Amino acid sequence: MDIALTVVLSIMMFAFGSVVGSFLNVVAYRVPKKESLIKGRSHCTTCGKKILNRDLIPVFSWIFLGGKCRFCKSRISSQYMVVELIMGLSYLAAYLVLGLTLELAYAVVLFPILMTLSLWDYERKEIPYACSISIAVLGLISIFTAEMPWYEHLIGAAIIAVPFAVLAFLGTMGGGDVQLMAAAGLLLGWNILPAAMIGIILGAIFGIVIKAITKHNLICFGPFLSIGIAAGYLFGTDIINAYVGLIR
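Residues numbered from 1 in each chain as written. Predicted model: local features only at pLDDT ≥ 70, side-chain atom pairs only at ≥ 80, totals over all residues. Heavy atoms only, no water.

J.: Describe in detail helix α6 (residues 150-169), supporting the description with residues and values.
T.: Residue pairs spaced three or four apart in an α-helix point in one direction, given the helix's 3.6 residues per turn. Taking 1.5 Å per residue, 20 residues should reach 28 Å; α6 reaches 29 Å between its end C-alpha atoms and fits that length. Where α6 is buried, its residues touch α5 (129-145), α7 (175-188), α8 (192-214) and α9 (222-247). Immediately beyond the C-terminal end of α6, within one or two residues, lies glycine 171, with a positive phi of roughly 90°. (Helix = DSSP H or I, 4+ residues; strand = E, 2+ residues; numbered from the N terminus. Expected span 1.5 Å × (residues − 1). Contact = heavy atoms within 4.5 Å.)

J.: Give a detailed account of helix α1 (residues 3-30), specifying residues and quantitative values.
T.: The first and last C-alpha atoms of α1 sit 41 Å apart over 28 residues, in line with the 40 Å expected at 1.5 Å per residue. Here α1 starts with a cap whose side-chain oxygen sits 2.9 Å from the backbone nitrogen of alanine 4, and that cap is aspartate 2. (Polar contact = N/O pair within 3.5 Å; in protein donor to acceptor, adjacent residues only side chain to side chain.)

J.: Quick rundown of the pattern of salt bridges? Include the residues and the values.
T.: Throughout the structure, instances matching the rule amount to 1 salt bridge. A salt bridge links arginine 70 to aspartate 55; the shortest N-O distance between them is 2.7 Å. Placement of the pair is arginine 70 in the loop between α2 (60-64) and α3 (78-98) and aspartate 55 in the loop between α1 and α2, with a sequence separation of 15 residues. (Salt bridge = Lys/Arg side-chain N within 4 Å of Asp/Glu carboxyl O.)

J.: Quick rundown of the environment of isoleucine 247? Include the residues and the values.
T.: Along the chain, isoleucine 247 falls in helix α9. Each C-alpha atom, one on isoleucine 247 and one on serine 77, is 46 Å from the other, the two residues being 170 residues apart in sequence.

J.: Residue-level account of the packing of α5 against α7, with values.
T.: Running from amino to carboxyl end, α5 crosses α7 at an angle of 15°, the nearest separation of the two axes being 7 Å. Taken together, the axis directions place α5 and α7 in an arrangement best described as roughly parallel. Remark: the crossing between α5 and α7 carries left-handed chirality. Residues Tyr129, Ser132, Ile135, Ala136, Leu138, Gly139, Leu140, Ser142 and Ile143 of α5 touch α7, and the partners they reach there are Gly176, Gln179, Leu180, Ala183, Ala184, Leu186 and Leu187. For the contact of α5 with α7, the per-class residue count stands at 11 nonpolar, 5 polar and no charged. (Axes fitted to C-alpha atoms, helices over the stretch in contact; angles between N-to-C directions. Parallel < 35°, antiparallel > 145°, perpendicular 65-115°, else oblique. Left-handed = near helix turned anticlockwise from the far one by under 90°. Nonpolar A, V, L, I, M, F, W, Y, C, P; charged D, E, K, R; others polar.)

J.: Talk me through unusual backbone geometry; I want residue IDs and the actual numbers.
T.: Of note in this structure, valine 59 is not a glycine but carries a positive phi near 70°. Residue valine 59 is classed as buried on the basis of its relative accessible area of 5%. Phi at lysine 125 is positive, roughly 60°, even though this residue is not glycine. Inspection of the secondary structure assignment puts lysine 125 in the loop between α4 (102-124) and α5. Here lysine 125 falls in the partly exposed class, since its relative accessible area comes to 44%. (Buried < 20%, exposed > 50% of the residue type's maximum accessible area, 1.4 Å probe, protein only.)

Note that all results are geometric; they support no functional claim without further evidence.
Structure, rendered in structure tokens:
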């Protein structure tokens, strides 16, 4: 593909992802308050004034405003910018790794679901069933469209559901984590193995650090499992091949 076209599409994918991230911020703020996602312009949560159009540019508006409201100068959480940036970068990475393929279309749907459940788990320490079900539906659809043999999708769900169920029984994982990984296994197949490994390692490292600093044991695994699932979706095959190459 022409380099200029690749650059243009890369910019478009980042912009698209950041816009999706901006919408997810609205969802995360309004849904718990039972506010409409359609009606009503975005407004400052402190002074209530409507946000100007020029201040609605994902990522950049937060930076240009210095993380403060244009009117009352109250602090705007960096979470808004971080979510937009992560979504923009994840869509860009998906395009660069997968190209204009059907797998990219799955990623465009999968990544917002992972971000949504991560935000929800971070705030409420639970993974919404709707997110796990949505990923499972993606997995079922992929059985009929992906190059992977249908039985590998089922194997992926089974081989990860059993050990995670054991971990949940031992109290180290929640039931929502088991459902999430089983659903992701249906989509990723064998690639759920590196996904789980990445998620567990990141979660364990974070847990050790948090315990050392705050003496607090309870952490939410959803965000770390989501990172693992995203990494497994994009790089799972490469990770497995590299591992197999090392042990031969």
